Amino acid sequence: MAEDTATEDPGAPVRFMPQLIGLDYTIKTNPVAAAFGAALADGRITGHRCPSCQRVYAPPKGFCPICVVPTGEADLVEVADRGLVTSWTVLTPIQYAGQKEREDYALASILLDGADGTIGQQRLVDVPLDEIRMGLRVEAVWAPPDERVADDRGYGLGSAVSGWRPTGEPDAPPSAYQEHTL
Amino acid sequence: MRDVAIVSFATTGPLPAVDDTETQMLFPVISEAIERSGIPRADIGFTCSGSADYLAGTPFAFVGNLEAVGAWPPISESHVDMDGAWAMYEAWVRLQHGDVDVALAFSSGISSRSDLREVLCLQNDPYYLMPLWADHGSLAGLQARAVAEAGLVDEVVDTVAAPPASDGAAAVIMVAGDRAREVCERPAWIRGIEHRSDPHYIGVRDLADVPSAQVAAAAAGVGGGPIDLAELSAAHPHEEVLLRRAMGLADLVEVNAGADPLMVAGLAHIGAAATAIHEGRAGRTLGHAASGPCLQQNLVCVMEGTP
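For the structure given in this document, a descriptive report is provided here. It should be emphasised that the depicted structure is a prediction, and the values quoted were computed from it without experimental measurement. (Residues numbered from 1 in each chain as written. Chains lettered and ligands numbered in written order. Predicted model: local features only at pLDDT ≥ 70, side-chain atom pairs only at ≥ 80, totals over all residues. Heavy atoms only, no water.)

## Notes on helix H8 (residues 211-219) of chain B
Residues and elements named next belong to chain B.
- Within H8, burial applies to Ser-212, Ala-213, Ala-216 and Ala-217. The arc enclosing the buried residues of H8, seen along the axis, measures out at 130 degrees, which places them on a common side.
- Each element contacted by the buried residues of H8 is listed here: strand S6 (188-197), helix H9 (237-247) and strand S10 (297-304).
- Backbone geometry just after H8 places Gly-221 at a positive phi near 80 degrees. (Buried < 20%, exposed > 50% of the residue type's maximum accessible area, 1.4 Å probe, protein only. Helix = DSSP H or I, 4+ residues; strand = E, 2+ residues; numbered from the N terminus. Arc of directions from axis to C-beta. Contact = heavy atoms within 4.5 Å.)

Rendered as C-alpha cells:
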C-alpha cells in the first residue's frame, strides 16, 4: 500500500472506480397528507388553522411549528385556489436524458388567500416571463380530475394544479406579501 | 466538571412501521419530555438531535424535524448523524460551557421504509467493503463466529437474526446544577460519559474484542462502584457477551440489552437507565450506545442518584 503509485507519483494518471449505488424506499402517505390529497382530488385546497395563533398552514402539517401544538380535523379549513406571487425564479432548462422542458419557465412561491404561508415551486402559465412580479394575482389551473395525484408526503400540491395564471386583477400591495418574501 | 443530570425522558418505544412523518412521530415525544421536566420550553438553552436521512430516504429530514421542537424565535441547535446518545453527549459538552443550564437531546429513526442491509452498507469504507456490499448483518455474522471461535460462547452461531427495522423516537431533558434539584426529586446525575471508536476497517480489528467499549467504560468510571442496572445497545446475543466482558459487567444480573430502533436505541437505553434512578429503582446505572458495524463505536454513560 505504501508503494501506491497514485500517491507516490503526482504525475501518474488518476484511476477512477465507478460505484453505482441505488437505494429503494417505500414512501408512505401520512394521515394528514392523505386527507389533504383527497380534498385536492375533489378540487379543494385545505389547511389547518392553529388553535393557538390562528395561523393557517396549507398544506397542513398536523401541528403548528411555532406554537408547538397539534392540529387535526377540528382545525380543518379550506383556502382559496387563488392568491399572489411573493417570489419567483425563471429556469433555463439544460438538456439531459429525461429532461422534458425545452423553453424557459417560471416557478413561483404563492401566498393563497386564506393561508399564512406560501406554497413553493408552483408553475406560472399564461404570463410573459418578463411580466412576472411580486404581488401578481393568480388563480389555479386545475388538472383534469383523473390526473390529480397529490404529493405522497403532503409537501405540495402534486399534479392537482397544473399551473397558475394571472387573474387580471390589480396587483396586491407590498403590505400583502412583505412578510412572505425570501 | 459541572454537575449535569437527566431529569426527564420520553420515547415511543419500537414501532413496527409508522405512517407518520418523522417530524409527526417526534412531536409528542419531545413535548412529553419537556412537560415531564416541568421546565418551560423557552428555558431550553441548547438543542441537539440525532438521526439519519438515509433511513427514511428524506433529504434534510433533520432540518424539518426541528418543527417538532419549537424553533421560533430562533434557537441554538445542532445535529449529529448518529444515535441520539451522541446528540446527548454534545448537549452535555455544551452544558459544560456554563452559560446555559437546560438542554434538549432527541433522536428519531424510520427504518421500515428501506432495506437496512443496503442502506447501512454505505457506512462502510468506500474502497474495500462498500463495493462488496458487505452489509452489517453479514458482518455481525462474522463477529458471531469470531466470538464463538474465541471460546466466549458455548456454541457456534451459524445465523444472525435480521437487523432491527423498527421506527421510533426518544428525547431527554438535561439540566445543570441546582436547577436539576429544583425540578426533579431524584435527578440522574451524569458521573461519567465517554465515547471511543475502533478502526473503521473491519479487517484490522480483532472481532472477538471491543477495545473501544473497554476504554470508554474505564474513562466513564464504570469500575468506580457497583452498577445496579446496565442498559446495553446490543443487536445480537454475541454483542452482549462482548460488551459485558469489555465493560467488566460479566456477572451483572440487571442487564437490558437490545438495539431497536436504529438511531434511537442508545438514547433510549440511557433514558431507561436514568428513569430507573428517577423512580428510585437503582442508585447507580449505566447506559450504552453503539454505532457502526460490529460495535465499532461505543458510548458509555454512568449515572448516580446521589449528588
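After presenting the structure, the write-up continues.
## Focus: the pattern of salt bridges
- Tallying each qualifying case throughout the model produces 25 salt bridges over all chains.
- With a shortest N-O distance of 2.3 Å, Asp-101 of chain B and Arg-2 of chain B are connected by a salt bridge. Highlighted residues: Asp-101 of chain B in the loop between helix H4 (84-96) and strand S4 (102-110) and Arg-2 of chain B in the segment before strand S1 (4-11), separated in sequence by 99 residues.
- Judged by relative accessible area, Asp-101 of chain B falls into the partly exposed class, the value being 34%.
- Each of Arg-82, Asp-113, Arg-137, Glu-139, Arg-165 and Glu-169 of chain A takes part in one network of salt bridges that share partners. (Salt bridge = Lys/Arg side-chain N within 4 Å of Asp/Glu carboxyl O.)

## Quick look at the sheet that holds strand S3 (residues 77-80) of chain B
All names here are of chain B.
- As summarised here, the arrangement of the ten strands in space is S3-S2-S4-S5-S1-S6-S10-S9-S7-S8, forming an open sheet in which the pairing is mixed. Whereas interior strands pair on both sides, the edge strands pair on one side only; in this sheet they are S3 and strand S8 (255-257). Pairs of neighbouring strands in the sheet enclose a mean axial angle of 20 degrees, with direction left out of account.
- By the bridge criterion, two bridges tie S1 to S6 in an arrangement that is antiparallel. Paired with Ala-5 across the bridge in S6 is Trp-189.
- The strands touched by helix H10 (residues 265-278) are S1, S4, strand S5 (167-176), S6, strand S7 (229-232), S8, strand S9 (284-291) and S10; relative to S9, the strand with the most contacts, the crossing angle is about 175 degrees. (Pairing = 2+ DSSP bridges. Axes fitted to C-alpha atoms, helices over the stretch in contact; angles between N-to-C directions.)

## Thoughts on the interface of chain B and chain A
- At the interface, 33 residues of chain B touch 25 residues of chain A.
- For the pair chain B and chain A, the two sides together bury roughly 2200 Å², of which 59% comes from carbon and sulfur.
- When the buried surface of chain B facing chain A is broken down by residue, Phe-27, Glu-67 and Arg-113 of chain B rank first, second and third, together holding 27% of it.
- Our count for the chain B to chain A interface comes out at two salt bridges.
- A salt bridge links Lys-61 of chain A to Glu-67 of chain B, with the nearest nitrogen and oxygen atoms 3.0 Å apart.
- At the junction of chain B with chain A, the criterion picks out seven residue pairs in polar contact (both at pLDDT 80 or more).
- Going through the elements one at a time, helix H1 (22-37), helix H2 (53-56) and helix H5 (116-119) of chain B are the ones with two or more residues in the side of chain B that touches chain A.
- For the side of chain B that touches chain A, the leading source of residues is H1 of chain B, giving four residues.
- Partitioned by chemical class, the residues of the side of chain B that touches chain A number 18 nonpolar, eight polar and seven charged. (Buried area = accessible area lost by both parts, 1.4 Å probe. Polar contact = N/O pair within 3.5 Å; in protein donor to acceptor, adjacent residues only side chain to side chain. Nonpolar A, V, L, I, M, F, W, Y, C, P; charged D, E, K, R; others polar.)

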